[in-house]
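Coordinate analysis (summary)
Chain by chain, the residues run as shown.
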Amino acid sequence: MNYISVAVDGPAGAGKSSVSKTVAKDLGYTYIDTGAMYRCVALFAIENGIDIKNDVPTLIAGLDGIKIDMRNTGDGQRVYLNGLDVSERIREEDVSVGASDVAVIPEVRVKLVDMQREMAKSANVIMDGRDICSHVLPDAQVKIFLTASIEARAKRRYDELCRKGIECDFEKIKSDIAYRDKNDSEREVSPLKKAEDAVLLDTTELCFDEVVEKIKELIINVV
């Protein structure tokens, strides 16, 4: 059976995860949140007192001890790190910044990319991240580069955290997103960039439902 792969790339805060998750649910596809996988590695480092920037060898040595599971439940997709549900914890700001830091480590990327490619072999999938179109799933039938202005992305993130009752600062969020943009775009291994054959979708002026419908149209036109 030939499965359909949908690759969605874009910078931090562009709405890749929430949009991809909704599209997958509507079309009956499997959603693979690659960002959550990097967040899990960052959380593993934080919880084990590993300095991501200054003690990379220790983190690399611990990679074989990391098990990541994604399970669909009645409450949506849940993310597990070594058997523990970390779905909410990995969305906090310290983990968000840490995820960008671990993503520049080649050994981390090799391990997670292998896991991601295996997941795409057994189902119709929607996978989002930073280098899905160009590196992880270069043969995906649908490729999308989702983006928005830094201000729009920071405002969406700020609103999301406020809705969850998490205390946050708009300027700090904006600064963190700018840092992650720079980090992701300048890393040596699989930097963030639009693949030549990806469709550019700027969501700055679009509401959530409009973005979902545009992506569903792109997929349906291919299928």
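Residues numbered from 1 in each chain as written. Predicted model: local features only at pLDDT ≥ 70, side-chain atom pairs only at ≥ 80, totals over all residues. Heavy atoms only, no water.

**Points about the overall build of the protein chain**
Across its full length, the protein chain holds 9 helices and 8 strands. The C-alpha radius of gyration of the protein chain comes to 17 Å, within 12% of the 17 Å expected for a compact globule of 223 residues. Each of the three principal axes of the protein chain carries a C-alpha extent, and together these read 50 × 40 × 40 Å. In the protein chain, which comprises 223 residues, the proportion classed as buried is 48%. For the protein chain, the proportion of contacts with a sequence separation of at least 24, taken over those separated by at least 6, is 74%. When the accessible surface of the protein chain is totalled, it reaches about 11000 Å², and 50% of it is carbon and sulfur. (Helix = DSSP H or I, 4+ residues; strand = E, 2+ residues; numbered from the N terminus. Rg over C-alpha atoms; globule rule 2.2 N^0.38 Å. Buried < 20%, exposed > 50% of the residue type's maximum accessible area, 1.4 Å probe, protein only. Contact = heavy atoms within 4.5 Å. Areas by Shrake-Rupley, 256 points an atom, 1.4 Å probe, with all protein chains shown as cover.)

**Considering helix 9 (residues 208-222)**
Note that an α-helix has 3.6 residues per turn; residues three or four places apart therefore point the same way. Between its first and last C-alpha atoms helix 9 spans 22 Å; for 15 residues at 1.5 Å apiece the expected length is 21 Å, and the two agree. Buried within helix 9 are the following residues: V211, V212, I215, K216 and I219. The buried residues of helix 9 occupy an angular sector of 130° when projected down its axis, which confines them to one face. In helix 9, the exposed positions angled more than 90 degrees off the buried face are occupied by D209, I220 and N221. Of the surrounding elements, those touching the buried residues of helix 9 are strand 1 (5-9), helix 1 (16-27), strand 6 (125-129), strand 7 (142-147) and strand 8 (199-202). (Expected span 1.5 Å × (residues − 1). Arc of directions from axis to C-beta.)

**Notes on the pattern of salt bridges**
The full count for this structure, using the stated rule, is 21 salt bridges. The residue E92 makes a salt bridge to R89 at a minimum N-O spacing of 3.3 Å. Since its relative accessible area comes to 34%, E92 is described here as partly exposed. The class for R89 is partly exposed, based on a relative accessible area of 27%. Between D184 and R130 there is a salt bridge, and its shortest N-O distance comes to 2.7 Å. Of this pair, D184 sits in helix 8 (residues 170-186) while R130 sits in the loop between strand 6 and helix 6 (132-136), and the two are 54 residues apart along the sequence. You can call D184 buried: its relative accessible area is 2%. (Salt bridge = Lys/Arg side-chain N within 4 Å of Asp/Glu carboxyl O.)

**Here's the deal with the pairing of strand 7**
Most of strand 7 sits inside the fold, with 6 of its 6 residues counted as buried. In this structure, strand 1 lies alongside strand 7, joined through 4 bridges in parallel fashion. Residue pairing for strand 7: D9 is matched across the bridge by F145. Two elements, strand 7 and strand 8, share 4 bridges in a ladder whose sense is parallel. Paired with I144 across the strands is V199, a residue of strand 8. (Pairing = 2+ DSSP bridges.)

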